[in-house]
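What follows is each chain in one-letter form.
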Amino acid sequence: MTDKESVALQAGAKDAEAHIGPDTTLLIVDDDGPFLRRLARAMETRGFVVETAESVAEGVAKSKATPPKYAVVDLRLGDGNGLDVIEAIRQRRDDTHIVVLTGYGNIATAVTAVKLGALDYLAKPADADDVYAALTQRPGEKAEVPENPMSADRVRWEHIQRVYEMCERNVSETARRLNMHRRTLQRILAKRAPK
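Criteria and cut-off values
- Residues numbered from 1 in each chain as written.
- Predicted model: local features only at pLDDT ≥ 70, side-chain atom pairs only at ≥ 80, totals over all residues.
- Heavy atoms only, no water.
- Pairing = 2+ DSSP bridges.
- Helix = DSSP H or I, 4+ residues; strand = E, 2+ residues; numbered from the N terminus.
- Axes fitted to C-alpha atoms, helices over the stretch in contact; angles between N-to-C directions.
- Contact = heavy atoms within 4.5 Å.
- Core = buried A, V, L, I, M, F, W, Y, C linked by side-chain atoms within 4.5 Å.
- Buried < 20%, exposed > 50% of the residue type's maximum accessible area, 1.4 Å probe, protein only.

K.L.:
Help me get a handle on the sheet that holds strand β3 (residues 70-74), residues and values and all.
P.N.:
Taking strand neighbours across the sheet as the criterion, the five strands line up as β2-β1-β3-β6-β7 in an open arrangement whose pairing is parallel. Across the chains shown, the open sheet's two edge strands, defined by having one partner strand only, are β2 (49-53) and β7 (120-123). On average, adjacent strands in this sheet sit at an angle of 20° to one another, irrespective of strand direction. Here strand β1 (residues 25-29) pairs with β3 via four bridges, running parallel. Bridging from a neighbouring strand, Ile28 pairs with Val72 of β3. The strands that helix α4 (residues 83-92) touches are β1, β3 and β6 (97-102); relative to β6, the one it contacts most, it runs at about 175°.

K.L.:
A description of unusual backbone geometry should follow, citing residues and the corresponding values.
P.N.:
Even without glycine at this site, Glu168 takes up a positive phi of about 55°. Relative to the helices and strands, Glu168 is located in the loop between α7 (152-166) and α8 (171-178). Located in the positive-phi region is Arg169, a residue other than glycine, with phi close to 60°. In this structure, Arg169 sits in the loop between α7 and α8.

K.L.:
Account for the nonpolar core, with residues named and values stated.
P.N.:
Among the nonpolar cores identified, the biggest contains 22 residues, and Leu26, Ile28, Met43, Phe48, Val131 and Leu135 are the most heavily contacted of them. Broken down by secondary-structure element, the contributors of at least two residues to this core are β1, α2 (33-45), β3, β6 and α6 (128-136). Among the elements that line this core, the one with the most residues is α2, at six residues. Not counting residues within four places of it along the chain, the set of residues in contact with Leu135 comprises Leu26, Met43, Phe48, Tyr70, Ala71, Val72, His97, Val99 and Leu119.

Fair warning: the whole summary comes from geometry, so function is off the table for now.
In structure tokens, the structure reads:
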């Protein structure tokens, strides 16, 4: 390593410490392997020391072994709910900055995660810059208002997805609660999310 590279590396470490703080441990829990590896690499380049987990069980185990200062947790994982990982982190450490990643139809669950102590939630797919900004925002800081807020069609679709999840993916019960014909609901559920 040349002197210039060494100086640049030290400057990058000082810049990261100024933004992140002295404890740079980050746990990322997501069952989407390629996304997990991409995000881990991106966070490492921003100064974090990254641990990864692809399941609730692995996330809980790593949280109990070495509770991180920062965490990015996907809510819907193959073996359960990311809320269990958040609870495990909170049992060991109450100053962890937690950001929740949520897919479609999980806004209500994301709100629950925030009540459990998550700092913020981001809709997937989230890019590394958004995750970094959410992790490093100071308490009381307001997130920027998005330039393109959700359309009315998207808000309606999110609501339908939330009720569908609450009804444990039972189409008939969801249709009854939404006062909607079952076939109409099935057509809506079969379509992609509106922009």
